[in-house]
Amino acid sequence: MKKVGFFRSIQLKFVLIYVLLILFAMQIIGVYFVNELEQKLVTNFKSSLQERVNLLEYNLREEMLKERTADMPTLEQDIQKILEDFSAPDIAEVRVIDARSRIIGTSDPTKQGTIGQRTTEISVKRTLSVGAEEDKMYVDEQTNKRVWVLTSPIISNREVIGAIYLVGKVENVFAQMDEINEILFSATALALGVTAILGVLLARTITRPITDMRRQAVALGKGNFSRKVKVYGQDEIGELAVTFNNLTKRLQEAQATTEGEKRKLSSVLSYMTDGVIATDRRGRVILINEPGAKLLNVSRETVISQSITSLLGLEEEYSFEDLLNEQDSVILDYSNEEGPYILRANFSVIQKDTGFVNGLITVLHDITEQEKIEADRREFVANVSHELRTPLTTMRSYLEALADGAWQDPDIAPHFLEVTQTETERMIRLVNDLLQLSKFDSRDFQLTKKEVNFTKFYNRIIDRFEMTKSQDVTFKRQLPKYPIYVEIDTDKLTQVLDNIISNALKYSPQGGQLTFKVEEQSNAIVVSVRDQGMGIPKKNLERIFERFYRVDRARTRKMGGTGLGLAIAKEIVVAHDGDIWATSVEGKGTTIFLTLPYELSQEDDWL
Ligand code: ADP
């Protein structure tokens, strides 16, 4: 957290406000007080001088009106005496002037020489002529001090007999005022200092909870909800602190809920089998779940902020806007030489109520298997139709020939009927095989197993073929002499061996040999039938166990096969938890192998 410096803190602002307020108040008080006081002092000064001048006037009038004899002191001497008594610290000089403007006395000892001269003061002349009092204040140029000059007439019987000219030292009053100002100033300074200190302390009581809350807010921003603001009081700030704490609690709860939802969402996303990709409003990937990355064979980190169209390989056919408007699902065919790989993508737009597009959610689903099943089903239907159509067409043409009159021809009619009969039988065989396969495909298919001696069981089947065979083929048996007990469904396994042996006989040349073998292994027996026929090309070996697969269609169909025999055999062997496969050398012969589970130990227990 960045610390707020003192110079930018609320505390300083508080202190400044205090100080400024005090300063302002002191200013107003000061100006008013100083003005009033000054006026009062000046007025007092003036009136005190005035009173004294009045008294002086009275004394002077008495002296000036007195009848003088030769033995008496002169008027000037008397006046001088009066003026000497009159002198006071606040008076600079008092002059007395007679009616003819002649100075007849002055209190200033340095100006005794002016006695007897005519005055030059205009104010005195005015007073003498008008008989009115006059006063003025000015700065004496010589001393550079303020003085108050009063000119007062001496009146006797309504006649101006002289004037008093008084210069008062009003500067003293101002000096006094300055002293008072100084006191006021230092008092103000003291008050400000004390206020500033008090301000700092008081402001702290307000700023401390605020600072606390600030710290708390910063901690909240970092996701720390454990802190609490201390509540200092019941005032507004206290209430704010309580509210703040409540807010923190709410926020914590909301955060916990959000986290929980987030966790739920992310586990749903990672445990679902479908791939989910979310983009922002410009189509850049912001989220992809693990299955999504696996389906697209990309790493989650590298695709973030890649555009969705390029990620899906759709940039040539679709723009992001097209995807936003895409109602149907889009099929993504990533099939290559290695095999088919098809995904289905569904898009849904995340939109606000206002219609503003926030992004796009893409759900990917692997439909390779589904597509394969679909393709197999189509192929199967095509195969069945084809297999049925061939015998039906043959039958129709023979029946048409018969209807057209061939039935009357004793030479060909029996042959034609025989053909239709063979074809009918073939169709019945085909339908039976199909029914059997569909039974395997249905869920409720079950084997009825029982324990048999496999050597005996196998020998019997070979015996049957040996007795009924029409070709010149020798049978060679390589079976153990002792019994091998296995648990099998004998009917079903008879069908399997019948099919394998009849195939071997079918493809055996004249004078060929069939070899029957049973080998014991640790947990299985391997049964094999080897012929010396024309063999099967290597590339077709795997496929002969597929439904309807024939190596050479035309020839095998002629032999009456349906192409389903080995497919059924495989279903049965696999249902026995065994395996079936073929090896072959073209032109030399084919060997069909099958394994059946077998437990040696069980046998030992019996012995
Ligand atoms: P079918 O009923 O046509 O014989 P199968 O499923 O039994 O059908 O066999 C599938 C195909 O495998 C046959 O059409 C044939 O081409 C080939 N095949 C099976 N057994 C042999 C064998 N012993 N020698 C050569 N080819 C064989």
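Residues numbered from 1 in each chain as written. Predicted model: local features only at pLDDT ≥ 70, side-chain atom pairs only at ≥ 80, totals over all residues. Heavy atoms only, no water.

Notes on the overall build of the protein
Scanning the protein for helices and strands turns up 16 helices and 17 strands. For the protein, the spread of C-alpha atoms along the principal axes amounts to about 215 × 70 × 40 Å. Long-range contacts, defined as pairs at least 24 residues apart, comprise 59% of the intrachain contacts of the protein with a sequence gap of at least 6. Carbon and sulfur atoms make up 54% of the accessible area of the protein, which totals about 37,500 Å². Taking the 76 positively charged and 88 negatively charged side chains of the protein as two groups, their mean positions are separated by 2 Å. (Helix = DSSP H or I, 4+ residues; strand = E, 2+ residues; numbered from the N terminus. Contact = heavy atoms within 4.5 Å. Areas by Shrake-Rupley, 256 points an atom, 1.4 Å probe, with all protein chains shown as cover. Lys, Arg positive; Asp, Glu negative; His and termini not counted. Charge placed at Lys NZ, Arg CZ, Asp CG, Glu CD.)

Some thoughts on a nonpolar patch on the surface
A cluster of nonpolar residues, Leu190, Val194, Ile197, Leu198, Leu201 and Leu202, forms a patch on the protein surface that exposes about 580 Å² of accessible area. Examined against the element boundaries, Leu202 turns out to sit in helix H4 (residues 171-221). Classification of Leu202 by relative accessible area gives partly exposed; the value is 43%. (Patch = residues over 30% accessible without salt bridge, like charges linked within 9 Å, V, L, I, M, F, W, Y side chains within 5 Å. Salt bridge = Lys/Arg side-chain N within 4 Å of Asp/Glu carboxyl O. Buried < 20%, exposed > 50% of the residue type's maximum accessible area, 1.4 Å probe, protein only.)

Remarks on the pairing of strand E14 (residues 513-520)
Here strand E12 (residues 474-478) pairs with E14 via five bridges, running parallel. Across the sheet, Lys476 pairs through a bridge with Thr515, a residue of E14. Counted between consecutive antiparallel strands, the loop separating E14 from strand E15 (residues 524-530) contains three residues. (Pairing = 2+ DSSP bridges.)

Looking at the sheet that holds strand E8 (residues 330-333)
As a general point, the strands of a sheet are linked pairwise by backbone hydrogen bonds and lie either parallel or antiparallel. What the five strands build is an open sheet, ordered E7-E6-E10-E9-E8; its pairing is antiparallel. Looking at which strands have only one partner, the edges of the open sheet turn out to be strand E7 (285-288) and E8. Going across the sheet, the axis of each strand differs from the next one's by a mean of 25°, ignoring polarity. By the bridge criterion, four bridges tie E8 to strand E9 (residues 342-351) in an arrangement that is antiparallel. When the sheet's bridge partners are listed, Val330 is paired in E9 with Ala345. (Axes fitted to C-alpha atoms, helices over the stretch in contact; angles between N-to-C directions.)

Quick word on the nonpolar core
Within the largest apolar cluster, 49 residues are counted, with the highest numbers of intra-cluster contacts made by Phe454, Tyr458, Leu497, Ile501, Ile525 and Leu594. Sort the elements by how many residues they give to this core and helix H13 (residues 490-506) lands first, with seven residues. Residues from two domains meet in this core; each of domain 4 (372-442) and domain 5 (450-597) gives at least three. Setting aside anything within four residues of it in sequence, one finds Leu497 in contact with Phe454, Phe457, Tyr458, Ile461, Val527 and Leu594. (Core = buried A, V, L, I, M, F, W, Y, C linked by side-chain atoms within 4.5 Å. Domains from an automatic or database assignment.)

Description of the packing of H4 against helix H5 (residues 236-271)
At a closest axis distance of 10 Å, the pairing of H4 and H5 adopts a crossing angle of 10°. The orientation of H4 relative to H5 falls into the category roughly parallel. Residue-level inspection shows Ile206, Pro209, Ile210, Met213, Gln216, Ala217 and Leu220 of H4 in contact with H5, the latter providing Ile237, Leu240, Ala241, Phe244, Asn245, Thr248 and Leu251. Class assignment of the residues belonging to the contact of H4 with H5 gives a composition of 11 nonpolar, three polar and no charged. (Parallel < 35°, antiparallel > 145°, perpendicular 65-115°, else oblique. Nonpolar A, V, L, I, M, F, W, Y, C, P; charged D, E, K, R; others polar.)

Some thoughts on the UniProt feature "transmembrane region" (unreviewed entry) in the protein
According to UniProt, the positions carrying the feature "transmembrane region" (unreviewed entry) are residues 12-34 and 183-206. Between the first and last C-alpha atoms of residues 12-34 the distance is 31 Å; the span itself is 100% helix and 0% strand. Each end of residues 183-206 is marked by a C-alpha atom, and these two atoms are 34 Å apart; helix forms 100% of the span and strand 0%. (UniProt positions renumbered as here; feature names shortened; annotations may be inferred.)

Here we look at H5
With 36 residues, H5 extends 52 Å from end C-alpha to end C-alpha; this agrees with the ideal 52 Å at 1.5 Å per step. Of the positions making up H5, those classed as buried are Ile237, Gly238, Ala241, Phe244, Asn245, Thr248 and Leu269. Elements that come into contact with the buried residues of H5 comprise H4, strand E6 (275-279), E7 and helix H6 (290-296). (Expected span 1.5 Å × (residues − 1).)

Observations regarding empty space enclosed by the protein
Under the counting rule described, the total for this entry stands at one cavity of 30 Å³ or more. Reported here for the largest cavity is a volume of approximately 50 Å³. Surrounding the largest cavity, Glu387, Pro391, Arg426, Met427, Leu430, Arg550, Gly561 and Thr562 form its lining. Sorting the residues of the lining of the largest cavity by element identifies helix H10 (368-403) and helix H11 (413-441) as the ones contributing at least two each. (1 Å grid on protein atoms, 1.4 Å probe; cavity = no way out; pocket = protein on both sides within 12 Å on 5 of 7 lines; lining within 4 Å. Points joined across faces, edges and corners; volume = space filled by probe spheres on them.)

Focus: the sheet that holds E12
Read from one edge to the other, the open sheet built from five strands follows the order E12-E14-E15-E17-E16, with strand pairing classed as mixed. For this open sheet the edge positions go to E12 and strand E16 (579-585), each flanked by a neighbour on one side alone. Along the sheet, successive strands turn relative to each other by an average axial angle of 15°, direction set aside. Contacts from helix H12 (residues 454-468) reach E12, E14, E15 and strand E17 (589-597), with the element oriented near 175° to E12. Of the strands in this sheet, E12, E14, E15, E16 and E17 are in contact with H13, which crosses E17 at around 170°.

A look at the site of the ligand
Taken together, 20 residues sit near the ligand, with Asn503, Asp531, Val551, Gly563 and Leu566 positioned nearest. A distance of 3.4 Å separates an oxygen atom of the ligand from a polar backbone atom of Gly565. Against a free-state accessible area of 530 Å², the protein chains account for coverage of 97% of the ligand. Put simply, the parts of the chain that give the shell around the ligand at least two residues each are H13 and helix H15 (565-575). At four residues, the largest contribution of residues to the shell around the ligand is made by H13. Counted by class, the shell around the ligand contains eight nonpolar, nine polar and three charged residues. (Near = heavy atom within 4 Å. Polar contact = N/O pair within 3.5 Å; in protein donor to acceptor, adjacent residues only side chain to side chain.)

Digging into the environment of Asn383
Relative to the helices and strands, Asn383 is located in helix H10. Expressed as a C-alpha distance, the spacing of Asn383 and Phe185, which sit 198 residues apart in the sequence, is 119 Å. With near-sequence residues (within four places) excluded, Asn383 lies in contact with Arg547, Phe548 and Arg553.

As for the environment of Lys506
Relative to the assigned elements, Lys506 resides in helix H13. Accessibility expressed as a relative area gives 28% for Lys506, which makes it partly exposed. Between the C-alpha atoms of Lys506 and Asp531, which are 25 residues apart in sequence, the distance is 9.7 Å.

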